[in-house]
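# Inside the fold
Here are the chains, one letter per residue:
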2 protein chains.
Amino acid sequence: MASGLVFPVCWFLLLSSVCGGRRLQEEESTALTLESVRKFLTREEDSIVFSLIERAKYPRNAPVYDPSYLGSATKFHNLSLVELFVRETEAVQAKAGRYQNPVEIPFFPKDTTLALVPPYNFPNELHAAAASVNVSNNIWRKYLDEWLPQITSQGDDGNYAPTAAADLVCLQALSRRIHYGRYVAEAKYRGAPQDYNTAIRAKDRDALMKLLTFKSQEDAVKTRVEEKAKVFGQDVTLGNRVDNSSDTTNYKVDPVVVYGLYGDWVIPMTKMVEVEYLLRRLD
Amino acid sequence: MASGLVFPVCWFLLLSSVCGGRRLQEEESTALTLESVRKFLTREEDSIVFSLIERAKYPRNAPVYDPSYLGSATKFHNLSLVELFVRETEAVQAKAGRYQNPVEIPFFPKDTTLALVPPYNFPNELHAAAASVNVSNNIWRKYLDEWLPQITSQGDDGNYAPTAAADLVCLQALSRRIHYGRYVAEAKYRGAPQDYNTAIRAKDRDALMKLLTFKSQEDAVKTRVEEKAKVFGQDVTLGNRVDNSSDTTNYKVDPVVVYGLYGDWVIPMTKMVEVEYLLRRLD
């Protein structure tokens, strides 16, 4: 408790000494291109698959998500351990500057606070009026209600803090990927604004969705993350390599489940972000 | 700041409502065997390799480790951002009960606080007088001073909070693995106490180290983690599989470096923990 009470105050004391921008970093402006966007998304797939495998190391651990677990005689009535954990951890990460980078979006922005590190000039490639597109609530609910039951086994091993920490890593990776739809949309728009302007002005979501949909590319992504779940989720023993058998029981998360999660949620939610971003692109 | 100040207080309010042990979990006592120990250590290798790959996603980001970065006009004179970050995050995880499980050891125990979740009856297989063996300071320094420069590229991308968060995941995985030496030693001792008692009574570290050393097994572990670094750190593209070329530049962390880190630090430090544990095994 000492630290919890003392640190926030002391971090605040630090503020004056570090916020003079003494060390404003210079970074080359990275041009946003379809190629750079694709590279980012491909690398994020690895992070997402790693995070799911690491979460699957622990069983379901239902008390983490049970709003009654922490009792109800407090102002946190109906808050789960995972929510309290994420709120507090995001507050720490905000102080260390995580959300200065527009690529990162907190789940509980009201609990995040002023960064205590000097400002860093992250490249901001987004159109200001559209940058705030946010589907965090949706990601949070889908992850807890639909993803988790598919990637974890029944059971309770009491490792609730490591479980919640693993959940946060999953949630952050998923959120970063899905909200990167803003950058995807920006890159596509810059490449051919004339293709989008009519649909944007008509607020025609269906037309935008059509313009953004490339089924063969989506299929390739789904197949690749399934492959990554096989490669990263296998038991590596000396001399063995990934086999191509259809038996998925030997992997740490079921590759077919990861394929489905990407196809049913990650890709559609990313496209939802792209559409919402484009609808504000001319504001 | 609101959360930082408000949450610790409110977590405290929760205490009374949840610490009645309302939900004391029952878990089958898992018998500690050499087989169960080996299984744990093998799975931890995956976690360690994943964590190193995820840390290597970001460049060195030197300000995270620079004690002068946060200024010196505070009580945190000479504390780095990574240290402040780990202290605060460990405090949050302690409240969620992380360190109730003797497998987990904090780097800054003075900053961890009473768990706010009900007690969970984790199996405690360790000999009480020997369980407190702790090499956290050593791990902390080795990781920051020697490992990090080898797994990260030069550079600064401003992502200091994600960098510190990735460091913490590495540190926790390494600490869990190395401190699991206590369980390794306990399993070995239980299997043949007569082999160890003489050396323990004579406080003969060298003799104990000899008893605990199996070079061929250590070589197999090093080779396997090198292989894991190749398998998990490759760029998975459709149709490709791990190649066996000696060119390691295509992997996200250099497999040869991971081999060396395990051989030079992880295995020796685990054995150091085993020896120190055994020296207290008859206390």
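Residue numbers restart at each chain and count upward from 1, following the sequence in its written direction. As they are written, the chains are lettered A onward and the ligands numbered 1 onward, keeping that order. Only residues with pLDDT of at least 70 get local features here, since the model is predicted, and only at 80 or more are side-chain atom pairs given and counted; chain-wide, interface and lining totals rely on the full set of residues. Side-chain calculation: all heavy atoms of the structure are included, whereas hydrogens and water are not.

Let's shift gears to the overall build of chain A. Note on conventions: DSSP H or I runs of at least 4 residues are helices, E runs of at least 2 residues are strands, and numbering of each starts at the N terminus. From N to C terminus, chain A includes 10 helices and zero strands. The cut-offs for exposure are 20% and 50% of the maximum accessible area for each residue type, with area from a 1.4 Å probe on protein chains only; residues under the lower value are buried, those over the upper are exposed, and the others partly exposed. Taking all 283 residues of chain A together, 59% fall into the buried category. In chain A, the proportion of contacts linking residues at least 24 apart, taken out of those at least 6 apart, comes to 77%. Computed with the Shrake-Rupley method and a 1.4 Å probe, the accessible areas treat only the protein chains shown as cover for residues. Element-wise, carbon and sulfur atoms account for 54% of the exposed surface of chain A, whose accessible area totals about 11500 Å². Only heavy atoms matter for contacts: two residues are in contact if any of them lie within 4.5 Å across the pair.

A few words now on the pattern of salt bridges. Salt-bridge detection follows one rule: a side-chain nitrogen of Lys or Arg within 4 Å of a carboxyl oxygen of Asp or Glu. This structure, assessed with the given rule, holds 50 salt bridges over all chains. Here Glu276(A) makes a salt bridge to Arg205(A), at a shortest N to O gap of 3.0 Å. Separated by 71 residues along the polypeptide, Glu276(A) in helix α10 (residues 255-279) and Arg205(A) in helix α8 (residues 205-212) bring together distant segments of the chain. Between Asp145(B) and Arg141(B) there is a salt bridge whose closest N-O contact spans 2.9 Å. Taken together, the positions of Asp145(B) and Arg141(B), both in helix α4 (residues 136-151) and four residues apart, correspond to about one turn of that helix.

This part is about the packing of helix α4 (residues 136-151) of chain A against helix α5 (residues 160-179) of chain A. Residues and elements named next belong to chain A. Look at α4 against α5: their axes get within 10 Å of each other, and the N-to-C directions meet at 130°. Between α4 and α5, the angle falls in the class oblique. Judged by the sense of rotation from one axis to the other, the crossing of α4 with α5 is right-handed. Contacts between α4 and α5 involve Ser 136, Ile 139, Trp 140, Tyr 143, Trp 147 and Leu 148 from the former and Asp 167, Cys 170, Leu 171, Leu 174, Ser 175, Ile 178 and His 179 from the latter. Here the term charged refers only to Asp, Glu, Lys and Arg, the term nonpolar to Ala, Val, Leu, Ile, Met, Phe, Trp, Tyr, Cys and Pro, and the term polar to all other amino acids, Gly among them. Classifying every residue of the contact of α4 with α5 gives nine nonpolar, three polar and one charged. With axes taken as lines fitted to C-alpha atoms, and helix axes fitted only over the stretch in contact, angles between N-to-C directions fall between 0 and 180 degrees. Under this scheme an angle from 65 to 115 degrees is roughly perpendicular, one under 35 degrees roughly parallel, and one over 145 degrees roughly antiparallel; angles in between are oblique. By convention the crossing between two helices is left-handed if the near helix lies anticlockwise of the far one by an angle smaller than a right angle, and right-handed if it lies clockwise.

With that settled, the discussion passes to empty space enclosed by the protein. A 1.4 Å probe that fits but cannot get out identifies a cavity on a 1 Å grid over protein atoms alone, an open set with protein on both sides within 12 Å along at least five of seven lines counts as a pocket, and a residue lines either if it has an atom within 4 Å of a point. Grid points are joined across faces, edges and corners, and a volume is the space filled by probe spheres set on the points. All chains considered together, the criterion is met by six cavities of 30 Å³ or more. Approximately 700 Å³ is the volume attributed to the largest cavity. The residue inventory of the lining of the largest cavity, partitioned by class, reads 18 nonpolar, 10 polar and nine charged.

Positive phi is not limited to glycine here, since Asn61(A) has a value of about 55°. In this structure Asn61(A) comes out as buried when scored by relative accessible area, which is 0%. The phi torsion at Lys203(B) lies on the positive side, around 50°, for a residue other than glycine. The topology assignment puts Lys203(B) in the loop between α7 (193-201) and α8 (205-212). The exposure class of Lys203(B) is exposed, given its relative accessible area of 60%.

This part covers the confidence of the model for chain A. For every residue, the predictor states its confidence as a pLDDT score lying anywhere from 0 to 100. Looking at chain A as a whole, its pLDDT mean stands at 87, while 84% of the residues score no less than 70. Low pLDDT, under 50, characterises residues 1-29 of chain A; the stretch is placed with 80 contacts to residues that sit more than four places away or in other chains.

Another aspect to go through is the side chain of Glu186(B). All names here are of chain B. Along the chain, the position of Glu 186 falls in helix α6 (residues 181-191). At 2.8 Å, the side chain of Glu 186 and the side chain of Arg 281 are in polar contact. Once you skip the residues sitting within four places of it in the chain, Glu 186 turns out to touch Leu 32, Glu 125, Leu 126, His 127, Tyr 277 and Arg 281. Polar contact is defined as a pair of N or O atoms within 3.5 Å, subject to the rule that within protein one atom must be able to donate a hydrogen and the other to accept it, and that residues adjacent in sequence are counted only when both atoms are side-chain atoms.

For the rest of this paragraph, the subject is α7(B). Residue and element names in this part refer to chain B. All of the buried residues along α7 are Tyr 196, Asn 197, Ala 199 and Ile 200. On the buried face of α7, the contacting elements are α6, α8 and α10 (255-279). Lys 203, located one to two residues past α7, shows a positive phi value of around 50°.

Attention now moves to the state of the cysteines. Cysteine sulfur atoms are paired as a disulfide whenever they fall within 2.5 Å. Taken as a whole, this structure holds zero disulfides over all chains when the rule is applied. There is no disulfide at Cys170(A), and the cysteine sulfur nearest it, in Cys170(B), is 16 Å away. Cys170(A) sits in the buried class, given a relative accessible area of 0%.

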